[in-house]
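# Reading the structure
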Amino acid sequence: YRHQDVDYQFAPAGKNKHSEYLMGGFDYAPDPKLSLTVRLGAEWRRRLNVLPANETAPFVEITSKYTYGKQSYISAGYNYDLAETSDPIHYNDERTNRIFVNIQHALTPFIVASGSIDYEPGRLIAKTGYSSINETSSHAGVALSYLPNKNWSMSATYDYDKTISDNPGRTLTRSRTGVNASFTF
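Described in the following lines is the structure provided in the data block. (Residues numbered from 1 in each chain as written. Predicted model: local features only at pLDDT ≥ 70, side-chain atom pairs only at ≥ 80, totals over all residues. Heavy atoms only, no water.)

### Some thoughts on the overall build of the protein chain
For clarity, the threshold we go by: The helix and strand labels rest on DSSP assignments: H or I over at least four residues marks a helix, E over at least two residues marks a strand, and numbering proceeds from the N terminus. With a 1.4 Å probe rolled over the protein chains alone, any residue whose accessible area is under 20% of its type maximum counts as buried; one over 50% counts as exposed, and the rest are partly exposed. Only the protein chains shown count as covering a residue, and every accessible area follows the Shrake-Rupley method with a 1.4 Å probe. In this charge count, Lys and Arg are treated as positive and Asp and Glu as negative; neither His nor the chain ends contribute. Charge placement uses NZ in Lys and CZ in Arg. For Asp and Glu, CG and CD serve respectively.
When its secondary structure is counted, the protein chain shows zero helices and 10 strands. The N-to-C order of helical and strand elements in the protein chain reads β-β-β-β-β-β-β-β-β-β. C-alpha atoms of the protein chain, sized along the principal axes, occupy 55 × 40 × 30 Å. Taken across its 185 residues, the protein chain has 30% of its residues classed as buried. When the accessible surface of the protein chain is totalled, it reaches about 11,300 Å², and 60% of it is carbon and sulfur. Averaging the positions of the 19 positive and the 19 negative side-chain charges in the protein chain gives two centres separated by 4 Å.

### Quick word on the packing of aromatic side chains
Under the convention used in this document: Aromatic pairing here means that ring centres of Phe, Tyr or Trp (its six-membered ring) are within 6.5 Å. Orientation follows from the plane angle: under 30 degrees is stacked, over 60 is edge-to-face, and everything else is tilted.
For the structure on display, the rule yields three aromatic pairs. Relative to Phe59, the ring of Tyr21 lies with its centre 5.9 Å away and its plane at 70°, an arrangement referred to as edge-to-face. Highlighted residues: Tyr21 in strand E2 (residues 17-31) and Phe59 in strand E4 (residues 54-69), separated in sequence by 38 residues. Judged on exposure class, the residue Tyr21 and its partner Phe59 are both buried. Aromatic pair Trp152 and Phe183: ring centres 5.1 Å apart, planes at 55°, arrangement tilted. Separated by 31 residues along the polypeptide, Trp152 in strand E9 (residues 152-165) and Phe183 in strand E10 (residues 172-183) bring together distant segments of the chain. With a relative accessible area of 37%, Trp152 lands in the partly exposed category.

### Some details on the sheet that holds strand E3 (residues 34-46)
Selection rule: Pairing between two strands is assigned when DSSP locates at least 2 bridges connecting them. Lines fitted to C-alpha atoms define the axes, with helix axes restricted to the stretch in contact, and inter-axis angles between N-to-C directions lie between 0 and 180 degrees.
Read from one edge of the open sheet, 10 strands run E1-E2-E3-E4-E5-E6-E7-E8-E9-E10, paired in antiparallel fashion. Since the sheet does not close on itself, it has two edges, and those belong to strand E1 (2-6) and E10, each with one partner. Pairs of neighbouring strands in the sheet enclose a mean axial angle of 15°, with direction left out of account. Taken together, the five bridges between E1 and E2 define a ladder with antiparallel strand orientation. Across the sheet, Asp5 pairs through a bridge with His18, a residue of E2.

### Notes on the environment of Leu34
Stated precisely, the cut-off is as follows: By definition, residues are in contact when any of their heavy atoms lie within 4.5 Å.
When you line up the elements, Leu34 lands in strand E3. Along the backbone, Leu34 and Glu94 are 60 residues apart, and their C-alpha atoms lie at a distance of 32 Å. Residues contacting Leu34, with those up to four places away along its chain left out, are Tyr28, Ala29, Ser64, Lys65 and Tyr66.

### Concerning the environment of Ile89
Relative to the elements of secondary structure, Ile89 occurs in the loop between strand E5 (72-84) and strand E6 (91-106). Accessibility expressed as a relative area gives 47% for Ile89, which makes it partly exposed.

### Quick word on the pattern of salt bridges
A pair can form between side chains of opposite charge whenever their charged atoms are brought close. For clarity, the cut-off: Salt bridge criterion: a side-chain nitrogen from Lys or Arg within 4 Å of a carboxyl oxygen from Asp or Glu.
In the structure shown here, the tally under the stated rule is 11 salt bridges. Salt-bridge contacts for Glu55 lead to Arg95; the nearest nitrogen and oxygen are separated by 2.5 Å. With a gap of 40 residues between them, Glu55 in strand E4 and Arg95 in strand E6 connect regions that are remote in the sequence. Given the relative accessible area of 8%, Glu55 is considered buried. Of the charged contacts, one joins Arg176 and Asp161 as a salt bridge, the two residues approaching to 2.7 Å between their closest N and O atoms. Of the two residues, Arg176 sits in strand E10 while Asp161 sits in strand E9, which places them 15 residues apart along the sequence. What makes Arg176 partly exposed here is its relative accessible area of 38%. Through salt bridges with shared partners, a single ionic network connects Arg2, Glu43, Arg45 and Asp93.

This is the structure we're talking about:
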């Protein structure tokens, strides 16, 4: 159970919210290489000074992971959630389905390749006076990481994002590349 109050000092009408969130689930691992996670729940959001004032949505998360070697695995899953929208002027929330596949494969003990694909059809719930819209986002990414020891990691990444929306102004295509290094202690 989680109670949440989000109060902004300066925000568009309806951005402040209060919610009750209840979730339960289980993890199942029939052997050390295979796991299944299931989470089910619901969120009840309340807002002041905006219509619709209340939003209720279920939460579903199902994930499976198969580890086939040291630092090598494939995972896949499905998630349904009530998410924050990037346009709080016109929309309160976004009901989002997310289907994903991730893979990580150790090429050597120090070099790991990884990739991910997400497909996210959703519906943006409009405030009074606006129309709700459908929006589908797709994401694909790859990375090559060098892990010389437990403290250092260096990666080169490429990500491709595409969003198709009923509102043409929200449609986008984007490519990003990156290089990063991190040290943890």
